[in-house]
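So the chains spell out like this:
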Amino acid sequence: MKTRIPIVLLAGAAALVWTAARAADDAPAAKPRVFAVITRANTAGVRPVTDRAFFGAPPPIRHAGIIASERNTDCLQCHAKENRIEMRHQAIAPVPHAEFSQCTQCHVKANPAVKPFRTENTFVGLDLPGKGSRAHSLAPPTVPHKTFMRGNCIACHGPTGLWRIKSPHPYRTQCVQCHAAEAKQDFTRPGGKGSL
Amino acid sequence: MAAATAVLGGATHSHIEAAEGADGLQWRKAPCRFCGTGCGTLVGVKDGRVVAVQGDLENPVNQGLLCVKGYHAGVALYGKDRLTTPLIRKNGKLAPASWDEAIDAIAKEILRSPSTFSFYGSGQWTVTEGFSVMKFMKGGLGNNHVDPNARLCMASAVVGMLTTYGVDEPSGCYDDFDECDTVILWGNNPAEMHPVLWSRIVDRRLRGEKVEIIDLGTRRTRSTEGADHYIEFTPQGDLAVANGICRLLIKWNKHDKGWIERHCNIRQGEDGVGQPMSWDDYVKWLETYTPEYVREVAGVSERKLTLLAERFADPNRKALSLWCMGMNQHTRGTWINNLVYNVHFLSGKFGKPGSTAFSLTGQPSACGTCREVGTLGHALPGGRLVAKPEHRAQCEEFWNVPAGRIAPKPGMHTMAIFDALQKGDLTGVWVQVTNPAQTIPNLNGFTSRLKDRFLVVSDVYPTVTTDLATVVLPSALWVEKNGIYGNSERRTQQWFKMVDPPGDARDDVWQVLAVARRLYELGHPGMKNKDGEFLFTFKDAKGKPIEAWKWDVFKANNIDRLLYEEYRPFTQMKHKDVAPYDELVKARGLRWPVTKNEAGQWRETKRRFVEGDDPFVEAGRGVDFYWGKQGDHKATIWARPYVAPPEVPDEKYPFWLCTGRVLEHWHTGTMTRRVPQLNAAMPEAYVELHPVNAAELGINTGDKVRLKSRRGELLLPAWINGRSMPQKGMVFVPFFDEGRLINLVTLDAYCPLSKEPDYKKCAVSVERA
């Protein structure tokens, strides 16, 4: 019981930082960026140069230099959903879509040392979807993207996620109790517009 | 509307056709650009550029999932070196030219010698691209030398089906993958080559279903990782294994006598016609294939052969055979296809949910274009033959060209075309959507003189083939044009153009129409139809002619729809009825035959030849092979022997060489290598060795290795204990790397029936360089 109080306090402080950060985000949306410029603290080894091509693309494996394995089963040694937040004092993103088992058919190794083939590529990927909507400043924001293959929110919104989208309260596990997925993001629902 | 939705499998969410998100982002459907699986994608377009690709949840093929190539298909459009202007070789160098110059140069060359010109196309041609080339060449020039790269890919599957049940393309469909108990992979690695279908099978286990996978192969792969049993065989041993299974089934008295009696005849011989054979003679003939013999020639133990045969002997087990290049790129490709059908026929495991023999196709429209349109030297659209006068007459009538326009002599197949180009018997070739200077086997023997011929290449990027070209035409890619693809399970899928092609790049269809028009202007008589009009005469709804050879007019009209509707009657000649264009627009693909039911609704066919599903089956037959070659509504069980391959390892060249693809790259990598994420993951070709062989030769991962065959040699870095492991005495090299052309080394021997070369086995020497 005793240990819970500081966590709540910390979480409160984090929420303040979060709110401040969000206020800064209210500036007009910048132009879509090439995703290669987005970096984040990497907990498992080589700092990435290549990143996912667009929001919704499968992220490449950033620690290719450390783990040589090509086997899908090995991925789950660390990334199994049950491991959730930490393992060996490292934050590791758990699998957000446990309904699929063939990790390496979508996630390929990011090897920053490789030079481009023949020439550069000028693709500009879709940027992050921006914020969900809120009824008022203290209301929980909605989910601004579709949830297919994103069944485990903590995979992106946990400690390994981009700081802007990190949950201030990772200890609360029932995310969709408060954060409703917007129906308009979902093709399969009437009137759905089908964002990523 | 609700009823219609049910008939079309619930795939009528047409509202997404122009669904627009909050930020001006539009999502539209398109089948994936790459393999024959035919996954549905939704392509996100903003400000005239593709910005994202997602899996289409509504598409029954992939149900929302893509593989890494599919997710990055949009990135492949934006390599900085896209071809944006026509190029003509002047003083030995390719120099920018106008479209008029380029089209004029091609037309004049064809006019100079129409009969020695040829067309080499692709299983990545859209349906209408293939169809317009067929009409141009066969219905216009009266020249049958049209063949696609699919000859190198699925010709053996085609001839296998034609000789087995008289009509091309599978009976089963992907639904069978969801229902089978056992999957047998015949030299197949779907974990890398058909990843989404592989997931469709393997991920059933996560839902608590049991599905057993038996990997019958020559090399341990990612698919082996998911298999319950790995059964290794010596290259070419598959012929003996299949016959060995049949022998055991009969020996155990576990063959399905009723099924065989009702649905099969038996024939023997080496060719495509053969002679009748009695059941007793067949049983006697099979006596060669004892477990001892199978062990001797295939290296498969009796225990493992028995394990395989037991899966077919069990009447309650639903068994699915899958194969792709392992069986097709085989000097006895037609035979091994025949033999796998034998196994399924003898066990009665055919035409039932979960039980079928399913040939996976490599390219996105090998089925839709090469096989259904029939872009092959000997074929005419709709599964018909050049050699048959009544087929030619019918085709001439459909095309409204004078009787006798189509030449009676079948055109050359791919290997013959490149041989004739090498020798100078053909003087020119127009290549579209493929890269033969990288993919033809034994390049030294077949493409080294290409630069001396009139070589026209339509492509999207510079390739090793455009390097040799006389004229290069910049093409539109994937969602830069309207298109239709047909996938492995007979599913025809349509998409609309979403973004403009870069610079002055234009559709392949338009390029053909423009050259045809130029030839018409130059007075080539073949470019007129029976009424004296231009061969490609299109009319709008009011009957006004559409001058489609003008780029602005072409762009403003959906020529794809007009050509497809012109093609559609051909498909009704052999019960391959494809859906009307406007139905395809509404659906996430429809599996042919697509016919109208009594209520007037369009319905697709899941399983061909099966009563209650296929509308062409005669009532009461259960399973009806209505195109059976003997006219008896039966399929053929073929007595096809084991014969040794044409080149086997010896003292001088002691290793088998097998070649193939990898997950990250599509064929020669011209598109996927320009995707940074894919290039970084798989930057260069390598040679895989068995660790024991590597130790013997003192080779470590990363060491340079020299491979040498009777035809050529190549230096490659070694990769040992990596993604895959070939059997002892075999090496594997992928063919995507234009900087390391493994086809300098491969063998040009091909199946005498299908004319498909064997890229999977030849003899090489291996040494540390």
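Owing to the predicted nature of the structure, the values given are computational and were not obtained by experimental measurement. (Residues numbered from 1 in each chain as written. Chains lettered and ligands numbered in written order. Predicted model: local features only at pLDDT ≥ 70, side-chain atom pairs only at ≥ 80, totals over all residues.)

### Considering the overall build of chain B
- Along the backbone of chain B there are 27 helices and 36 strands.
- Relative to its length of 769 residues, chain B is compact, with a C-alpha radius of gyration of 25 Å against a globular reference of 27 Å.
- Projected onto its principal axes, the C-alpha coordinates of chain B cover approximately 70 × 70 × 60 Å.
- Within chain B, the proportion of its 769 residues that are buried is 62%.
- The contacts in chain B between residues at least 6 apart in sequence include a share of 71% that link residues at least 24 apart. (Helix = DSSP H or I, 4+ residues; strand = E, 2+ residues; numbered from the N terminus. Rg over C-alpha atoms; globule rule 2.2 N^0.38 Å. Buried ≥ 20, exposed ≤ 12 C-beta atoms within 10 Å, placed from the backbone. Contact = placed C-beta atoms within 7 Å.)

### Regarding the environment of V687 of chain B
Residues and elements named next belong to chain B.
- Turning to its location among the elements, V687 is positioned in strand β31 (residues 687-689).
- On a C-alpha basis, the gap between V687 and V705 in space is 7.7 Å, while along the polypeptide they are 18 residues apart.
- Those residues within four positions of V687 in sequence are excluded, and the remaining contacts are V705, L707, L716, A718, V731 and V733.

### Topic: the sheet that holds strand β21 (residues 471-474) of chain B
Residue and element names in this part refer to chain B.
- Across the sheet, which stays open at both edges, the 7 strands sit in the order β6-β5-β21-β20-β19-β7-β8 with mixed pairing between neighbours. Taken across any chain shown, the strands that pair with only one partner, and hence form the sheet edges, are β6 (93-96) and β8 (146-148). Sheet twist, expressed as the average angle between the axes of neighbouring strands with direction ignored, equals 20°.
- Across 2 bridges, strand β5 (residues 87-90) lies against β21 in antiparallel orientation. (Pairing = 2+ DSSP bridges. Axes fitted to C-alpha atoms, helices over the stretch in contact; angles between N-to-C directions.)

### Digging into the nonpolar core
Residues and elements named next belong to chain B.
- Counting 252 residues, the largest nonpolar core has V241, I245, V456, A516, L657, L707 and V731 as the members making the most contacts within it.
- Broken down by element, this core gets its largest block of residues, 9 residues, from helix α22 (residues 508-521).
- When residues no more than four places from it in sequence are discounted, the contact partners of V456 are I106, W430, V431, A469, T470, V471 and L473. (Core = buried A, V, L, I, M, F, W, Y, C linked by C-beta atoms within 7 Å.)

### Details of the packing of helix α4 (residues 127-141) of chain B against α22 of chain B
Residue and element names in this part refer to chain B.
- The geometry of α4 relative to α22 is characterised by a closest axis approach of 8 Å and an angle of 20° between their N-to-C directions. As far as their axial angle goes, α22 and α4 are roughly parallel. Note on packing geometry: the crossing formed by α4 with α22 is left-handed. Contacts from T128, E129, S132, V133, F136 and G140 in α4 reach D508, V509, V512, L513 and A516 in α22.
- Each residue belonging to the contact of α4 with α22 can be placed in one class, and the counts come to 6 nonpolar, 3 polar and 2 charged. (Parallel < 35°, antiparallel > 145°, perpendicular 65-115°, else oblique. Left-handed = near helix turned anticlockwise from the far one by under 90°. Nonpolar A, V, L, I, M, F, W, Y, C, P; charged D, E, K, R; others polar.)

### Focus: the sheet that holds strand β36 (residues 762-768) of chain B
Residues and elements named next belong to chain B.
- Judged by pairing direction, the barrel is mixed, and its 6 strands sit side by side in the order β30-β35-β31-β33-β32-β36 before closing back on the first. Strand-to-strand twist in this sheet, taken as the mean axis angle between neighbours without regard to direction, amounts to 45°.
- Note: strand β30 (residues 655-660) against β36, 3 bridges, orientation antiparallel. Bridging from a neighbouring strand, F655 pairs with V764 of β36.

### Here's the deal with unusual backbone geometry
Residues and elements named next belong to chain B.
- Here the bond from W592 into P593 is cis, since omega is -5°, no more than 30 degrees from zero.
- Within the fold, P593 resides in the loop between β26 (590-591) and β27 (595-596).
- Of note, F609 is a non-glycine position whose phi angle comes to about 70°, a positive value.
- Tracing the chain through its elements places F609 in the loop between β28 (602-603) and β29 (635-639).
- C-beta crowding within 10 Å serves as the criterion here: with 27 such atoms nearby, F609 is assigned to the buried category.
- If you check the backbone angles, N721 has positive phi at about 55° while not being a glycine.

### Considering the interface of chain B and chain A
- Every contact between the two is made by 47 residues of chain B and, on the other side, 41 residues of chain A.
- At the level of elements, β1 (19-20), β3 (40-46), β4 (49-55), α2 (68-71), α8 (195-202) and α26 (676-681) of chain B are the ones that each hand at least two residues to the side of chain B that touches chain A.
- It is α26 of chain B that contributes the most residues to the side of chain B that touches chain A, 6 residues altogether.
- Residues that form the side of chain B that touches chain A fall into these classes: 25 nonpolar, 11 polar and 11 charged.

### What about helix α19 (residues 414-423) of chain B?
Residues and elements named next belong to chain B.
- Residues T414, M415, I417, F418 and L421 constitute the buried set of α19. Seen along its axis, α19 keeps its buried residues to an arc of 160°; they face one direction.
- At the exit of α19 stands G424, carrying a positive phi of roughly 95°. (Arc of directions from axis to C-beta.)

### Looking at helix α24 (residues 559-571) of chain B
- For α24 of chain B, built from 13 residues, the straight-helix expectation of 18 Å at 1.5 Å per residue is met to within 8% by its first-to-last C-alpha distance of 19 Å.
- Those residues of α24 of chain B that fall on the buried side of the exposure criterion are I559, D560, R561, L563, Y564, Y567, F570 and T571 of chain B. (Expected span 1.5 Å × (residues − 1).)

### Some words on the environment of R517 of chain B
Residues and elements named next belong to chain B.
- With respect to the secondary-structure elements, R517 resides in helix α22.
- Each C-alpha atom of the pair R517 and D104 lies 10.0 Å from the other, and the pair is 413 residues apart in sequence.
- If sequence neighbours within four positions are ignored, R517 has contacts with F534 and W549.

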